[in-house]
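# Examination of the molecular architecture
As a plain string of letters, each chain reads:
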Amino acid sequence: MALFNFGKKKREQEEAARREQEQAAAAAAPVSEPVMAPIQEETVREEPVQEEKKGLFSRLWQGLSKTRTNVSGRVDELIEATEEIDDDFYEDLVDILIMSDMGVRTSDKVITELRRRIDEQHITDARKARDILKQILKDMMNKERKPLQWPMVMLVVGVNGVGKTTTIGKLALRFKDARHSVVLAAADTFRAAAADQLEIWAQRAQVPLVRHAEGADPAAVVFDGIKKAQGAEADLLIVDTAGRLHNKKNLMEELRKISRIITREYENADVRTLLVIDATTGQNGLQQAREFSEVADVSGIVLTKLDGTAKGGIAVAIMEELGLPVLYIGVGEGIEDLQAFDAEAFVDAIF
Ligand SMILES: Nc1nc2c(ncn2[C@@H]2O[C@H](COP(=O)(O)OP(=O)(O)O)[C@@H](O)[C@H]2O)c(=O)[nH]1
Ligand SMILES: [Mg+2]
């Protein structure tokens, strides 16, 4: 077993200072106030919020450009060509939504609601229909999320190649930047390359990584990860998994075993299972999500590679058809290209 530890001393000092601050804040806060960070952990950074928001939005805008051209471009054309809002208009619009991978059921639901609001408000201008459509999508995707709680274990699952390891690297950096201490566990022991790849990210993020040899028991890696996280009083342990869906029974067993270890060894930790879905796989990805949520208690979705698809409507389908929140989205291969999902910004970037 190799244990990698970077900048330990400095981190410990930072940690001690952070804990002291937290304790002081906790003492000052009313008892009923939960001492937890909001999901938008950017808020604790020191950069000017406005600047950062602009930067984040431009990355989102850039990352969703293919979907925007596909969806917004077609909607614009339709509006141009529409003299009155009639059945043809709704039919063409539903086709555009389906083509963006929103799924037939979800697209129909959106259009039914659009019809209702348009009738109710006696709207005749197709341009106004566009604004209402945007609002409906925002309402649909604006799901309540559980606030983050520390210590936390993030179990990252999903089929091969969807972007699990990359996402973990991005998450590690993100939380570290928000002054949380992070430990990574390479429980994808199926291929040695997986741990090597995670190790590169651990080095970039300057966070410790726990790994075993290829073929080792993933639960044993998780066990050591927990010990490492507890020893360092870390906020967050992120676990990379192999997630071989082709054998559902094995996967279920593996995840169960990992969960048991966490429950037994890390009682006070909040466990979140993040399912990573590759947006470029469209409806297939939706099917994967369905199958995974049958075997694992999925808390939320990370939708990756949105920059590589014109069919970002899959985000709407996932939320609507599976009732699972999209928590983060990947809009590129860079470290900054993982964003906390924001329904408002997402819809504004594709329309
Ligand atoms: N364009 C793009 N590529 C991504 C994104 N996330 C991951 N990737 C790429 O997808 C490939 C597979 O990622 P990896 O993390 O190894 O997937 P894993 O098998 O699930 O761990 C890599 O080439 C990543 O760079 C993203 O948001 N956008
Ligand atoms: Mg991997």
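Report on the accompanying structure. Note that the coordinates shown come from a computational prediction; the quantities given were computed from them, not determined experimentally. (Residues numbered from 1 in each chain as written. Chains lettered and ligands numbered in written order. Predicted model: local features only at pLDDT ≥ 70, side-chain atom pairs only at ≥ 80, totals over all residues.)

Time to look at the overall build of the protein. Within the protein, the secondary structure is distributed over 13 helices and nine strands. Put simply, the protein has 351 residues, and 41% of those count as buried. Taking contacts inside the protein between residues at least 6 apart in sequence as the whole, the part at least 24 apart equals 77%. (Helix = DSSP H or I, 4+ residues; strand = E, 2+ residues; numbered from the N terminus. Buried ≥ 20, exposed ≤ 12 C-beta atoms within 10 Å, placed from the backbone. Contact = placed C-beta atoms within 7 Å.)

With 93 residues, the main nonpolar core has A172, L184, I238 and I318 as its most contacted residues. Two domains share this core, each providing at least three of its residues, namely domain 1 (63-141) and domain 2 (152-350). Among all residues touching A172, those that are not within four sequence positions of it are V182, L184, W201, A202, A205, V207 and I238. (Core = buried A, V, L, I, M, F, W, Y, C linked by C-beta atoms within 7 Å. Domains from an automatic or database assignment.)

What follows deals with the site of ligand 1. Around ligand 1, the surrounding shell holds 17 residues, and the nearest of these are G163, K164, T165, T166 and G330. Tallying contributions element by element places helix α7 (residues 164-177) first for the shell around ligand 1, with three residues. Broken down by class, the residue content of the shell around ligand 1 amounts to two nonpolar, ten polar and five charged. (Near = placed C-beta within 6 Å. Nonpolar A, V, L, I, M, F, W, Y, C, P; charged D, E, K, R; others polar.)

Below, the discussion takes up the environment of L155. Mapped onto the elements of the fold, L155 is located in strand β2 (residues 152-157). With near-sequence residues (within four places) excluded, L155 lies in contact with V239, T241, I258, V271, T273 and L274.

Time to look at the packing of helix α6 (residues 126-141) against helix α12 (residues 314-322). Running from amino to carboxyl end, α6 crosses α12 at an angle of 50°, the nearest separation of the two axes being 9 Å. It follows from the interaxial angle that α6 and α12 lie oblique. Taken as a pair, α6 and α12 cross one another with a handedness that is left-handed. Seen from α6, the contacting residues are L137, M140 and M141; seen from α12, they are A315, V316, M319 and E320. (Axes fitted to C-alpha atoms, helices over the stretch in contact; angles between N-to-C directions. Parallel < 35°, antiparallel > 145°, perpendicular 65-115°, else oblique. Left-handed = near helix turned anticlockwise from the far one by under 90°.)

Over its 13 residues, helix α4 (residues 87-99) runs 18 Å from end to end, which matches the ideal 18 Å to within 8%, given 1.5 Å per residue. For α4, every residue scored as buried is listed here: F89, L93, I96 and L97. End-on view of α4: buried residues confined to an arc of 95°, all on one side of the axis. α4 presents D87, D88 and E91 as exposed residues on the side facing more than 90 degrees away from its buried surface. Against α3 (65-81), α5 (104-120) and α6 lie the buried residues of α4. Of the residues one or two after α4, D101 is the one with positive phi, at around 75°. (Expected span 1.5 Å × (residues − 1). Arc of directions from axis to C-beta.)

Take unusual backbone geometry next. Most peptide bonds take the trans form, and the phi angle of most residues other than glycine is negative. Geometrically, the link from W150 to P151 is a cis peptide bond, its omega value of -5° lying close to zero. Structurally, P151 can be placed in the loop between α6 and β2. If you check the backbone angles, H122 has positive phi at about 50° while not being a glycine. Among the residues examined, H122 registers 6 C-beta atoms within 10 Å and is labelled exposed.

It is worth spelling out helix α13 (residues 343-350) at this point. Taken as a whole, α13 has its buried residues at F346, V347, A349 and I350. The arc that holds the buried residues of α13, viewed along the axis, is 160°, so those residues lie on one side.

With that settled, the discussion passes to the pairing of strand β5 (residues 236-240). Counting buried positions over the five residues of β5 gives five, a clear majority of the element. Of the two faces of β5, the one carrying L236, I238 and D240 and the one carrying L237 and V239 are both buried. Both β2 and β5 contribute to a ladder of five bridges, which runs parallel. Bridge pairing in β5 links L155 to V239. With five bridges joining them, strand β3 (residues 182-186) and β5 adopt parallel strand pairing. Note on β5: the bridge partner recorded for V183 is L237. (Pairing = 2+ DSSP bridges.)

This paragraph deals with the environment of Q197. Among the secondary structure elements, Q197 is positioned in helix α8 (residues 192-205). Residue class for Q197 comes out partly exposed when judged on the 19 C-beta atoms lying within 10 Å of it.

Here the focus is the packing of α3 against α4. Remark: α3 packs on α4, axes separated minimally by 10 Å, with the N-to-C direction vectors making an angle of 170°. By the criterion of interaxial angle, the relationship of α3 to α4 is roughly antiparallel. Across the interface between the two elements, V71, R74, V75 and L78 of α3 pack against D92, L93 and I96 of α4. In terms of residue class, the contact of α3 with α4 is built from five nonpolar, no polar and two charged.

Now for the environment of E321. Relative to the helices and strands, E321 is located in helix α12. Under the C-beta neighbour-count criterion, E321 is labelled partly exposed, with 16 such atoms within 10 Å. In the structure, E321 is positioned 219 residues away from M102 in sequence and 9.8 Å away in space, judged by C-alpha atoms. Leave out the neighbours within four places in its chain, and E321 touches G103, R105, T106 and L286.

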